[in-house]
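# Per-entry structural report
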Amino acid sequence: MKKFTFCSLVLAGSCLALAPLSGFASPKSAVVPLFDAPTGMFLGAVSGKTWLKAEKAAPLLPKTGISVAHYDAKKRLSFGFARPLQSMGAPCPETLQTEFAPKTPGAAKFSLGRSATNIFPRRVRVENPQSAVYRGIVTKILRANGLGSPAQIQQIWRVDLEGDGVDEVLISAARKVDYGDPERISAQVRAGDYAILMMRKIVNGQAKNILLEASFHKKNIEFSAPSFNWLVAVFDANGDGKMEVLTSGAYYEGGWTELHELQNNTLKSVLGAGCGA
């Protein structure tokens, strides 16, 4: 289960009319907030090239709210307005969220406090999750961790994160009890269940498998509260030409969203928020 430290500051304010588009923050000088579009959770912000966790960024945002642009995994969908931050309330009073006006499009994945045409500098290619090559790679990881389960891959995304002409491959794979809902998970685990979020990257001329999140279950447990992760979007959040990876995760009665930056040949969580019982 992913652990977060959330801020205790709560900002309140009344509903406001939509701000003009000129109210967008400049990525070079201002604090640019990032939100999970489906929930309105405040993930934090970026100022220049500096990542600001939610508790540090919240006091720096305009107390009247801020203009945002809503995106899916490929393009900008619409403009809107993020109202002042408020506590999400029980059971997560320290998690901050906003309400968007108007409501976000149903396909929106994230919302950013600036509008830019270059946040998708390179295309993400979605590969077939039945790829024999990548099923073989995941199978080797499972065997190395004591599981004989078949590889069940949900997502394979290929993208050049660094802009160096060499693609990275992002993979989410899981076998779990979810009763037919791919974005949910039961508290129960069966022997052979697993969840993997990984990156395959060329390092010093060789392909390396880098596990970002992984759990492997070797026995049945009636109540274990396992977790799993999936890919949400890949985009340039801070304007440096490199692309960050947005992921979400869930466990029984809870979930989170994180932004990861490529650092030292791995993906490091730089912003995030979540809520769970």
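Details of the structure are given in the entry above.
A few points on the structure. (Residues numbered from 1 in each chain as written. Predicted model: local features only at pLDDT ≥ 70, side-chain atom pairs only at ≥ 80, totals over all residues. Heavy atoms only, no water.)

### Quick word on the layout of surface pockets
- As a volume, the largest pocket reaches approximately 460 Å³.
- Around the largest pocket sit 23 residues that line it, and Asp36, Pro38, Glu183, Trp230 and Ser248 are the ones nearest its centre.
- Contributing elements (two or more residues each) for the lining of the largest pocket: strand 11 (153–159), strand 15 (227–235), strand 16 (244–251), strand 17 (254–263) and strand 18 (266–276).
- Here the lining of the largest pocket gets four residues from one element, more than from any other, and that element is strand 17.
- Partitioned by chemical class, the residues of the lining of the largest pocket number 11 nonpolar, eight polar and four charged. (1 Å grid on protein atoms, 1.4 Å probe; cavity = no way out; pocket = protein on both sides within 12 Å on 5 of 7 lines; lining within 4 Å. Points joined across faces, edges and corners; volume = space filled by probe spheres on them. Helix = DSSP H or I, 4+ residues; strand = E, 2+ residues; numbered from the N terminus. Nonpolar A, V, L, I, M, F, W, Y, C, P; charged D, E, K, R; others polar.)

### Digging into helix 2 (residues 132–144)
- Counted at 1.5 Å a residue, the expected span for helix 2 with its 13 residues is 18 Å, and the 18 Å between its end C-alpha atoms agrees.
- Along helix 2, the residues that are buried comprise Tyr134, Ile137, Val138, Ile141 and Leu142. Projected down its long axis, helix 2 carries its buried residues within an arc of 140°, all on one side. For helix 2, the exposed residues set more than 90 degrees away from the buried face come down to Ala132, Val133, Lys140 and Ala144. (Expected span 1.5 Å × (residues − 1). Buried < 20%, exposed > 50% of the residue type's maximum accessible area, 1.4 Å probe, protein only. Arc of directions from axis to C-beta.)

### Digging into the pattern of salt bridges
- Under the definition given, this model contains nine salt bridges.
- In this structure, lysine 75 and aspartate 72 form a salt bridge, with 2.9 Å as the shortest nitrogen-oxygen distance.
- Given a relative accessible area of 11%, aspartate 72 falls into the buried group.
- In this structure, the salt-bridge partner of glutamate 99 is arginine 83, at a minimum N-O distance of 3.4 Å. Of the two residues, glutamate 99 sits in the loop between strand 7 (96–97) and strand 8 (100–101) while arginine 83 sits in the loop between strand 5 (76–82) and strand 6 (86–87), which places them 16 residues apart along the sequence.
- With a relative accessible area of 21%, arginine 83 lands in the partly exposed category. (Salt bridge = Lys/Arg side-chain N within 4 Å of Asp/Glu carboxyl O.)

### Re the sheet that holds strand 14 (residues 206–216)
- Taken in spatial order, the five strands make up an open sheet running 10-11-12-13-14, and their pairing is antiparallel. Looking at which strands have only one partner, the edges of the open sheet turn out to be strand 10 (125–126) and strand 14.
- Running at roughly 115° to strand 13 (residues 194–203), helix 2 makes contact with strand 11, strand 12 (168–175), strand 13 and strand 14 of the sheet. (Pairing = 2+ DSSP bridges. Contact = heavy atoms within 4.5 Å. Axes fitted to C-alpha atoms, helices over the stretch in contact; angles between N-to-C directions.)

### Considering the pairing of strand 13
- In terms of residue burial, strand 13 counts as a mostly covered element, since eight of its 10 residues are buried.
- Pairing between strand 12 and strand 13: seven bridges, direction antiparallel. Pairing of alanine 173 across the sheet is with isoleucine 196, part of strand 13.
- Here strand 13 pairs with strand 14 via 10 bridges, running antiparallel. Within strand 14, the residue paired with alanine 195 across the bridge is serine 215.
- Connecting strand 13 to the next strand, strand 14, in antiparallel fashion are two residues, including asparagine 204 with a positive phi near 50°.

### Overview of the state of the cysteines
- Scanning the entire structure with this criterion turns up one disulfide.
- Across a sulfur-sulfur distance of 2.0 Å, cysteine 92 and cysteine 275 are joined as a disulfide pair. Note on the cysteine 92 and cysteine 275 pair: the S-S dihedral is about 95°, so by sign convention the disulfide is right-handed. Of this pair, cysteine 92 sits in the loop between strand 6 and strand 7 while cysteine 275 sits in strand 18, placing them 183 residues apart in sequence. (Disulfide = S-S within 2.5 Å.)

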